[in-house]
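Structure assessment
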Amino acid sequence: MIFTDPEQCGTETRQYLTTLIAAGWRFEGCEFHQELNKLVYHFQTPDGVRGSLDWRTLQMEASIYTKEIE
């Protein structure tokens, strides 16, 4: 099941999701991936590339945009 509301994807990721959305990424949802045994987050980047990130990669991507803002 894919959750399309960022609030349904965990409070610990809220700041990272908010950062990427503010940077122009389009959040498409999150879901629990059985084979990986973890949540994955689906996005479309500002240049139109679709992809999925796990929590660690989500955190790293958001930190890039946070550093650019500072």
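Scroll up to find the structure this text is about.
Summary of the structure given here. Quick caveat, the model's predicted, so the values are computed rather than measured.

**Topic: the pattern of salt bridges**
Taken as a whole and judged by the stated rule, the model has four salt bridges. Taking the shortest distance from any N to any O, the salt bridge between Glu7 and Arg14 comes out at 3.0 Å. What makes Glu7 partly exposed here is its relative accessible area of 47%. Relative accessible area serves as the criterion here: at 36%, Arg14 is assigned to the partly exposed category. Of the charged contacts in the structure, one is a salt bridge between Glu28 and Arg26, with a shortest N-O distance of 2.9 Å.

**Considering the nonpolar core**
By size, the foremost hydrophobic cluster in this structure holds 13 residues, and its most contacted members are Leu17, Leu20, Phe27, Tyr41, Phe43 and Leu58. Those elements giving two or more residues to this core turn out to be α1 (14–22), β1 (26–33), β2 (38–44) and α2 (55–69). In this structure, Phe43 is in contact with Leu17, Leu20, Trp25, Arg26, Phe27, Glu28, Val49, Arg50, Gly51, Leu53 and Leu58, ignoring residues within four places of it in sequence.

**Quick word on the sheet that holds strand β3 (residues 50–54)**
Strands sit in the order β1-β2-β3 across an open sheet of three strands; the sheet is antiparallel. Each edge of the open sheet is held by one strand with a lone partner, namely β1 and β3. When strand polarity is set aside, the average angle formed by the axes of neighbouring strands in this sheet is 25 degrees. Here β2 pairs with β3 via five bridges, running antiparallel. Considered in β3, the bridge of Phe43 is made with Gly51.

**Quick notes on the side chain of Gln44**
Here Gln44 is to be found in strand β2. Its relative accessible area of 18% is what places Gln44 among the buried residues. Polar side-chain contacts of Gln44 include one of 2.5 Å to the side chain of Arg26. Excluding its chain neighbours within four sequence positions, the residues that come into contact with Gln44 are Gly24, Trp25, Arg26, Glu28, Val49 and Arg50.

**Some details on the packing of aromatic side chains**
Summed over all chains, the structure comprises four aromatic pairs. When the centroid spacing of 6.3 Å and the interplanar angle of 80 degrees are considered together, the rings of Tyr16 and Trp55 count as edge-to-face. Taken as a pair, Tyr16 in helix α1 and Trp55 in helix α2 lie far apart in primary sequence, 39 residues in all. Take Tyr16: its relative accessible area is 14%, and that puts it in the buried class.

About the thresholds
Residues numbered from 1 in each chain as written. Predicted model: local features only at pLDDT ≥ 70, side-chain atom pairs only at ≥ 80, totals over all residues. Heavy atoms only, no water. Salt bridge = Lys/Arg side-chain N within 4 Å of Asp/Glu carboxyl O. Buried < 20%, exposed > 50% of the residue type's maximum accessible area, 1.4 Å probe, protein only. Core = buried A, V, L, I, M, F, W, Y, C linked by side-chain atoms within 4.5 Å. Helix = DSSP H or I, 4+ residues; strand = E, 2+ residues; numbered from the N terminus. Contact = heavy atoms within 4.5 Å. Pairing = 2+ DSSP bridges. Axes fitted to C-alpha atoms, helices over the stretch in contact; angles between N-to-C directions. Polar contact = N/O pair within 3.5 Å; in protein donor to acceptor, adjacent residues only side chain to side chain. Phe/Tyr/Trp six-rings, centres within 6.5 Å; stacked < 30°, edge-to-face > 60°.

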